[in-house]
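Reading the structure
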Amino acid sequence: MINRLPLEIANILQANKKNPAQFEELIRSGGYLPPEIELMVDAITALSMGKNILLKGPTGAGKTKFAETLSNLFNQPMFSVNCSVDLDAESLLGFKTLAYKDEKQVIEFVPGPVINSMTHGHFLYIDEINMAKPETLPLINGVLDYRRTITNPFTNEVITAKDGFNVIAAINEGYVGTVPLNEALKNRFVVIEVPYIEGEQLKQLIETNTKLKDPRNIELFVKLSSDLINAVNQGKVAEDAASIRALLDACDLSVLIPPKRAILRSVVDKLDEEREREFVKNLADTLF
């Protein structure tokens, strides 16, 4: 990955690499292969300038893997928040609990991912940010803009983020349970569209991230992925059908079970409509 970056960007990355004293286990593994190197260049540029980035794209396109690769490249621990309608202040910021100190019962505050990432100057990854209730995310508006501060409602402490703190968020638009991001929130991010990985990049991803080594089957799975992406673009199947994550699962399973059955378990059975399931099964039949 690094050897594909322009020299100027590689130097910027090197200058911004961290040497964390703790939370090394939260430095994620790499492995994301962008369809265009400009995607990685733009993300590195934005983060090195202290900006937040919003990864926007279809499900299974590799947004989480993209974020994990940035954590790896910057050697930066990354705390995570998985959004849902149940996300609340405690899930983001932390909570109070009873503890014992010098044989006395005391109330301690256990920091959550937002507070931890701010106080240590690390990355914060917010997955499916548009799944959160609209009234929840304004809690961290001040964290996301130039102020980089928050007043902890549980302790009344004003916390200012250390250098190195950045927010990487991911969004899937149009899914049940999602809500449009309001403009105030969206304006706090640099938006990067993350398309599906195709062609040679997908082939390399299969070779390096799955147990499948048979060159012929790898080529067939790459062709299957291309056909599924075209079908999604034409509105014939849901985005779930073209998930790269699901395809990689099928590649792994195909090492020990027939490819068509691997596709059935990893892709077909996840689809809701019988029409879509039959379409994908027919595609698999033509290839395997």
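The coordinates are above.
Structure report, in brief.

Rules of the game
- Residues numbered from 1 in each chain as written.
- Predicted model: local features only at pLDDT ≥ 70, side-chain atom pairs only at ≥ 80, totals over all residues.
- Heavy atoms only, no water.
- Axes fitted to C-alpha atoms, helices over the stretch in contact; angles between N-to-C directions.
- Helix = DSSP H or I, 4+ residues; strand = E, 2+ residues; numbered from the N terminus.
- Parallel < 35°, antiparallel > 145°, perpendicular 65-115°, else oblique.
- Left-handed = near helix turned anticlockwise from the far one by under 90°.
- Contact = heavy atoms within 4.5 Å.
- Phe/Tyr/Trp six-rings, centres within 6.5 Å; stacked < 30°, edge-to-face > 60°.
- Buried < 20%, exposed > 50% of the residue type's maximum accessible area, 1.4 Å probe, protein only.

1. Remarks on the packing of helix 8 (residues 199-209) against helix 9 (residues 215-233)
Interaxial distance between helix 8 and helix 9 falls to 10 Å at its minimum, and their mutual angle equals 130°. Comparing the axis directions of helix 8 and helix 9 gives the class oblique. Crossing angle aside, the handedness with which helix 8 passes helix 9 is right-handed. Packed against helix 8, whose contacting residues are Gly-199, Leu-202, Lys-203, Ile-206 and Glu-207, the element helix 9 presents Ile-218, Glu-219, Phe-221, Val-222 and Ser-225 at the interface.

2. Comments concerning the packing of aromatic side chains
Scanning the entire structure with this criterion turns up five aromatic pairs. Aromatic side chains Phe-23 and Phe-79 sit 5.0 Å apart centroid to centroid with 70° between the ring planes, which places their arrangement in the edge-to-face category. Separated by 56 residues along the polypeptide, Phe-23 in the loop between helix 1 (7-16) and helix 2 (37-48) and Phe-79 in strand 2 (residues 78-82) bring together distant segments of the chain. Neither residue differs from the other here; Phe-23 and Phe-79 are each classed as buried. Ring geometry for Tyr-32 versus Phe-66: centroids 4.7 Å apart, planes at 10°, classification stacked. In this pair, Tyr-32 is assigned in the loop between helix 1 and helix 2 and Phe-66 in helix 3 (residues 63-73), connecting sequence segments 34 residues apart. Assessed through its relative accessible area of 2%, Tyr-32 is described here as buried.

Such coordinate-based values are descriptive only and should not be taken to indicate function.
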